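Topology and contacts: notes
Here are the chains, one letter per residue:
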Amino acid sequence: MIPKISTLGGYIFEYQKSVTNPTGFWSNIADSFYWRKKWDQALEWDFTKGHVKWYEGAKLNITENIFERHMFFRGQQPAIIWEPNDPSEAHRTLTYEALFLETKKFANVLLASGIKKGDRVAIYMPMVPELVISMLACARIGAIHSVTFAGFSAQSLSERLQDAGAKLLITSDGGFRGSKTIPIKQIADEAMGSCKCVSKAIVLRRTGENVPMLAGRDFWWHELMENSSVENAAETMDAEDPLFILYTSGSTGKPKGLVHSTAGYMVYSAYTFRNIFQYGDGDIYFCSADIGWITGHSYLVYGPLLAGATSLMFEGVPTWPDAGRFWEIIDKHQVNQFYTAPTAIRSLMALGMEWLESKNLSSLKVLGTVGEPINEAAWHWYHDHIGKNRCPIVDTWWQTETGGIMISPYAGITPTKPSYATLPVMGIQPMIVDPEGKQLMGNSVEGNLCIGYPWPGMARTIWGDHDRFVKTYFSTYPGLYFTGDGVKRDEDGYYRILGRVDDVINVSGHRLGTAEIENAINEHPLVDESAVVGFPHPIKGQGIYAYVVCPQFSTGGEEGIRNSIMLAVSHMIGPFARPDKIQIVSGLPKTRSGKIMRRILMKIAEGKTSEFGDTSTLLDPEIVNEIVKGSESIR
Ligand code: WTA
């Protein structure tokens, strides 16, 4: 069993120990796992080179830690409870034994398809149990999975397939999301058509619609599984062998394929899951995130399954068939821990109390939030109306790069404060630095958030581009990992995340690079250039505001050009990246050296048009007045 902290005194005592002797701490936690061979060295690291290795010399397979390790006591316990999009369709329960069986069968399908240890397998699927089976089957045979969120466009999927050099794509005919049916196979076909590496696709039947199957390339999941053997011996993996690649947006360039390791990620995701949520035997845990994002990887699949938990997976959306769906699921399955994003809380809060009326939420013990700052009003609503004033809220701060939760209350143990992620997880050493890199000591300070020491769950590199990894995370403040977030440490030593300090925005908990959206907009034939910034949005946290220069555009056709820009963004990235506001401008405010002054554009987007600060470096100050004037009709 993974050790669990159960008192505040225990937290404080253990935390001190964990930062004085991190390798001792993480070796002790690792002892509760099953290793084919134990490590020779707990940690080797050099942040200046972006070099980190945990548990070197160890041999293991992560799926043996999910299945073989739990089978004796938990074989008949539900591992996954799957709630379909349509509440009238029956839910499915997969016990640890059933999930194990399917994983082994599908692992054999992958082997028979020519997939070997180290090969990359891409997954583009709706939220169905077969998505979990696909990931675990990859891990079983040592293939590296790369899941792409099914809301991404064909173009984005294709870029990811090529960057990872994926040999095989696992997908489905379509997917259900609320009242919509998503043509997943059609998008996958388009993506595969524009990349050479994928030679085979395995297609799950989910919606039952007619989809073309390319002979020799596309194969039905159910046909391949029919005669697949249930015997499968797990591949032996080294501690540092990659487990998966997951793409995320940065402030520049194309999305980065972050690589997570096998052993360190296993130990960290399981430890944090069990401790932060205080999961206990028999509990039903529900994380509403999509597996296409890191939250789904770490806290729907790996963390819970490694800890022997029952993880509830939901295919649909919180507002369909009505805005009571989450609460109905919690009531129906007697959920004990519920983990969601502030955006979901804000949007449900805005839809009124009536959706809660007939729902019994008394099974809930712990509530969690992730992905973006939670404002106080949403925190209180969640606390009062969902948690009925008795469930602690864990506001968990972390990133795709960190692999697991880094700063968060331990549920029911750490006293909470609305909108504060509170205190670090064991072994995590947060540091606050000023723009010059000077560490700000003591309490009541504000600056950029860095981490001063490695932890097992951290990403090890960017797929195919280690230099970019070093440059992005370890060169701004040499010797430290730089998170890209601003933070405040208050008078009690509690951390409050203030949001990104780089050109990354967080829209409904989805992380997007402004440069990525600009590139998509600039693809439009009438667009010369554009600048995208975030602005405070009551539901989404941040909205997307695009300033677009289209010299050939004739007034009167604004609606048309806006729509076609939206389409371009949907096509290049996905519908979730569409700007909320588009302002056509004749130029952008630039410095004499040609740099766009985003600070000014952010203020305008926020409606604060008299707080521009120093504008003396502007090449053409007049353009600012013009943009301010134009912005009035955008609001
Ligand atoms: C933001 C999601 C405030 C932050 C797990 C971070 C948060 C980015 C919180 C990572 C939180 C995440 N409070 N902000 N509790 N959690 N963030 O990679 O800006 O999708 O850098 O990982 O989300 O987003 P990502």
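Residues numbered from 1 in each chain as written. Predicted model: local features only at pLDDT ≥ 70, side-chain atom pairs only at ≥ 80, totals over all residues. Heavy atoms only, no water.

**Concerning the overall build of the protein**
Put simply, the rule is: Each helix is a run of DSSP H or I of at least 4 residues and each strand a run of E of at least 2, with the numbering of both proceeding from the N terminus. Restricting the calculation to C-alpha atoms gives the radius of gyration, and the globule rule supplies 2.2 Å times the number of residues raised to the power 0.38. Three exposure classes are used, based on accessible area relative to the maximum for each residue type with a 1.4 Å probe and protein chains only: buried under 20%, partly exposed in between, and exposed over 50%.
From N to C terminus, the protein includes 19 helices and 30 strands. Relative to the globule expectation of 26 Å for 635 residues, the C-alpha radius of gyration of the protein, 24 Å, shows essentially globular dimensions. For the C-alpha atoms alone, the extent of the protein along its principal axes is close to 75 × 65 × 55 Å. Buried residues in the protein amount to 61% of all 635 residues.

**Some words on the packing of aromatic side chains**
Each aromatic ring pair is described using two quantities: the centre-to-centre distance and the angle formed by the ring planes. Put simply, the rule is: We call Phe, Tyr and Trp rings a pair once their centres come within 6.5 Å, taking the six-membered ring for Trp, and we label the pair stacked below 30 degrees between planes, edge-to-face above 60, and tilted otherwise.
Summed over the entire model, instances satisfying the criterion amount to 48 aromatic pairs. Taking 5.8 Å as the distance between ring centres and 45° as the angle between the ring planes, the aromatic pair formed by Trp 54 and Tyr 55 counts as tilted. There is no split in this pair, since Trp 54 and Tyr 55 are both buried. Taking 6.1 Å as the distance between ring centres and 85° as the angle between the ring planes, the aromatic pair formed by Phe 149 and Phe 152 counts as edge-to-face.

**A word on the side chain of Ser 32**
The condition is simple: Any pair of N or O atoms that falls within 3.5 Å is considered a polar contact. Within protein, one atom must be able to donate a hydrogen and the other to accept it, and sequence-neighbouring residues count only if both atoms are side-chain atoms.
Structurally, Ser 32 can be placed in the loop between helix 2 (22-30) and strand 1 (41-46). Only 2.7 Å separates the side chain of Ser 32 from the backbone oxygen of Ile 29, close enough to count as a polar contact.

**Describing the site of the ligand**
Basically, it comes down to this: One heavy atom suffices: a residue is near a molecule or strand as soon as one of its heavy atoms comes within 4 Å of it. Only the protein chains shown count as cover for residues, with accessible areas throughout obtained via the Shrake-Rupley method and a probe of 1.4 Å. Three categories are distinguished: nonpolar for Ala, Val, Leu, Ile, Met, Phe, Trp, Tyr, Cys and Pro, charged for Asp, Glu, Lys and Arg, and polar for the others, with Gly belonging to the last.
Near the ligand there are 17 residues, and of these Asp 395, Thr 400, Asp 485, Arg 500 and Arg 511 occur at the shortest range. Interatomic distance of 2.9 Å between a side-chain N/O atom of Gln 399 and an oxygen atom of the ligand. Thr 400 has a polar side-chain atom sitting 2.5 Å from an oxygen atom of the ligand. In the complex, the protein chains occlude 96% of the 530 Å² of accessible area that the ligand would expose alone. Elements that contribute at least two residues to the shell around the ligand include exactly helix 11 (294-306), strand 20 (393-396) and strand 25 (495-500). Residue classes in the shell around the ligand are distributed as six nonpolar, six polar and five charged.

**Concerning the pairing of strand 29 (residues 541-549)**
Which entries qualify depends on this criterion: Note on pairing: two strands pair once DSSP finds at least 2 bridges between them.
Within strand 29, seven of the nine residues are buried, leaving the element largely enclosed by the surrounding structure. Pairing of strand 28 (residues 529-537) with strand 29 involves nine bridges; the strand directions are antiparallel. In the sheet register, Val 532 faces strand 29, and the bridge partner there is Ala 546. Between strand 28 and strand 29, which pair antiparallel one after the other, the connecting turn spans three residues. Strand direction decides the pairing type here: strand 29 and strand 30 (residues 581-585), joined by five bridges, are parallel. Counted as the bridge partner of Val 549 is Val 585 from strand 30.

**Observations concerning the nonpolar core**
Counted only if it meets this: Take the buried Ala, Val, Leu, Ile, Met, Phe, Trp, Tyr and Cys residues and link them wherever side-chain atoms come within 4.5 Å; each set so joined is a nonpolar core. What makes two residues a contact is simply this: any of their non-hydrogen atoms within 4.5 Å.
Trp 35, Tyr 55 and Tyr 302 are the most contacted members of the largest nonpolar core, which has 123 residues in total. When neighbours within four sequence positions are excluded, Trp 35 is seen to be in contact with Ala 30, Tyr 55, Ala 58, Lys 59, Leu 60, Ala 263, Met 266 and Val 267. Core analysis: the second largest hydrophobic core is formed by 27 residues, Phe 326, Ile 330, Leu 348 and Ile 386 among them.

**Brief notes about the environment of Ser 249**
With respect to the element layout, Ser 249 can be found in the loop between strand 14 (242-248) and strand 15 (256-261). Separated by 313 residues in sequence, Ser 249 and Arg 562 have C-alpha atoms that sit 24 Å apart. Leave out the neighbours within four places in its chain, and Ser 249 touches Lys 256, Val 504, Arg 511, Leu 512, Gly 513 and Glu 516. Side-chain polar atoms of Ser 249 contact the side chain of Glu 516, separated by 2.6 Å.

**A short note on the domain arrangement of the protein**
The extent of an interface is frequently quoted as the accessible surface area lost upon association of the parts. Rules: How far each domain reaches was decided by an automatic or database domain assignment. The rule for a salt bridge is simple: a side-chain nitrogen of Lys or Arg has to be within 4 Å of a carboxyl oxygen of Asp or Glu.
Taken as a whole, the protein is organised into domain 1 (21-473) and domain 2 (508-631). If you average the C-alpha positions of domain 1 and of domain 2, the two centres end up 33 Å apart. Taken together, the contact pairs 23 residues of domain 1 with 19 residues of domain 2. At the junction of domain 1 and domain 2, the tally comes to one salt bridge. At the boundary of domain 1 with domain 2, the tally comes to 11 residue pairs in polar contact (both at pLDDT 80 or more).

**Considerations on the sheet that holds strand 16 (residues 284-287)**
As a reminder, the rule being used: Geometry is summarised by axes, namely lines fitted to C-alpha atoms with helices restricted to the contacting stretch, and by angles between N-to-C directions that run from 0 to 180 degrees.
Read from one edge to the other, the open sheet built from seven strands follows the order 5-4-17-16-18-19-20, with strand pairing classed as mixed. Every other strand in the sheet has two partners, leaving strand 5 (92-95) and strand 20 as the edge strands with one partner each. Here the strands of the sheet are splayed against their neighbours by 20° on average, with no regard to which way each runs. Pairing of strand 4 (residues 78-83) with strand 17 (residues 310-314), which is carried by four bridges, proceeds in the parallel orientation. Of the residues in strand 17, the one forming a bridge with Trp 82 is Met 313. Across the sheet, helix 14 (residues 376-386) touches strand 18 (337-340), strand 19 (366-370) and strand 20, and the angle it forms with strand 19 is around 155°.

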